[in-house]
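A look at the structure
Listed below are the residues making up each chain.
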Amino acid sequence: MTFRPRLVALDVDGTLVDGDNIMTAAVREVVHAVRDAGIETVIATGRGVPGVMDAVENLGFTRGHAVASNGAVTMRYDPHVELLDVVTFDASEAVRRVLEQIPDALVAVEEVGVGFRLNKPFPDSEISGQLVVEDVESLISEPVARVVIRSADHTPDEFTAIVKDLGLTGTNYYIGYSAWLDLAPDGVSKASGLEFLCAKFGIARSEVLAVGDGNNDLEMLRWAGRGVAMGQAPDSLKAAADDVVGPIDADGLVTELSRYV
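Below you will find a few notes about this structure. As the structure is a prediction and not an experimental result, all values here were calculated from the model.

**A look at the overall build of the protein**
Looking only at helices and strands, the protein features nine helices and 14 strands. For 261 residues, the compact-globule formula gives about 18 Å, and the C-alpha radius of gyration of the protein, at 18 Å, lands near that figure. By its C-alpha atoms, the protein is 55 × 40 × 30 Å across when sized along the principal axes. Every one of the 261 residues in the protein was classed for burial, and the buried ones make up 51%. In the protein, the share of contacts with a sequence separation of at least 24, taken over all contacts with a separation of at least 6, comes to 57%. Here the protein has roughly 11,200 Å² of accessible surface; of this, 47% comes from carbon and sulfur atoms. Counting 21 positive and 41 negative side-chain charges, the protein places the averaged centre of each group 6 Å from the other.

**Observations regarding the pattern of salt bridges**
Taken as a whole and judged by the stated rule, the model has 19 salt bridges. In this structure, Asp 13 and Arg 47 form a salt bridge, with 2.9 Å as the shortest nitrogen-oxygen distance. With Asp 13 in the loop between strand S1 (7–10) and helix H1 (25–36) and Arg 47 in the loop between strand S2 (40–44) and helix H2 (49–59), this residue pair connects regions lying 34 residues apart in the sequence. Here Arg 47 falls in the buried class, since its relative accessible area comes to 14%.

**Topic: the environment of Val 211**
Assignment of secondary structure puts Val 211 in strand S12 (residues 208–212). Judged by relative accessible area, which is 0%, Val 211 ranks as buried. For the pair Val 211 and Leu 221, spaced 10 residues apart in sequence, the C-alpha separation works out to 7.0 Å. Apart from residues lying up to four places away in sequence, Val 211 is in contact with Ala 9, Leu 10, Asp 11, Thr 15, Met 220, Leu 221, Val 228, Met 230, Leu 253 and Glu 256.

Parameters and conventions
Residues numbered from 1 in each chain as written. Predicted model: local features only at pLDDT ≥ 70, side-chain atom pairs only at ≥ 80, totals over all residues. Heavy atoms only, no water. Helix = DSSP H or I, 4+ residues; strand = E, 2+ residues; numbered from the N terminus. Rg over C-alpha atoms; globule rule 2.2 N^0.38 Å. Buried < 20%, exposed > 50% of the residue type's maximum accessible area, 1.4 Å probe, protein only. Contact = heavy atoms within 4.5 Å. Areas by Shrake-Rupley, 256 points an atom, 1.4 Å probe, with all protein chains shown as cover. Lys, Arg positive; Asp, Glu negative; His and termini not counted. Charge placed at Lys NZ, Arg CZ, Asp CG, Glu CD. Salt bridge = Lys/Arg side-chain N within 4 Å of Asp/Glu carboxyl O.

What follows is the structure, given as structure tokens:
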């Protein structure tokens, strides 16, 4: 039986847009064609709500659903944002343990739907929305949906080794292409956010197509009925995927989505 999804879940950075936040006309057109074919089309990203809405504007959508903040937030936009589910956790111990090893790290906690509170400025365009500088103890004084920790002085491999040696428990974490760490509530991922939406829509996971390119897409690709990795994805993600398409600079997403329109 030929697979045809009822829901398509799309990562943003590295899947819909490149490193300069540019979306090609071919990608935009095929995503619209998928939605026009009656397939629920959901953004599933590590970005916070403002970053989701930037992608929505880039696509030219005015209504829909999204999984934000690596699954800690599920939302609807029409075009105004409605938060459907927000999962928070106590990140204080995890943040303190990272800072013991990397005292100069940049730390940001997400203010859901607004932006971030951070201990010092991040590189331009890495996080979006309203940005407010506070001391670290203020940042971790109450439960949060997401924490981002960034090291300017370590390579991604060095940062990965440090974080893995910490043995963080009670949290789910993802390490990006740069020395970038996302902390999330334990058990929360893009997959859990999609599971929440699928229950709302009455769609089975076997009817979900998910496409992504990063470490934070691993659970989503394993969970979905069909998980597809972009060509520039790490080998671990490719190994977990049902298929691999071309990289972002070759519009790999178009190859996959064209199957269904």
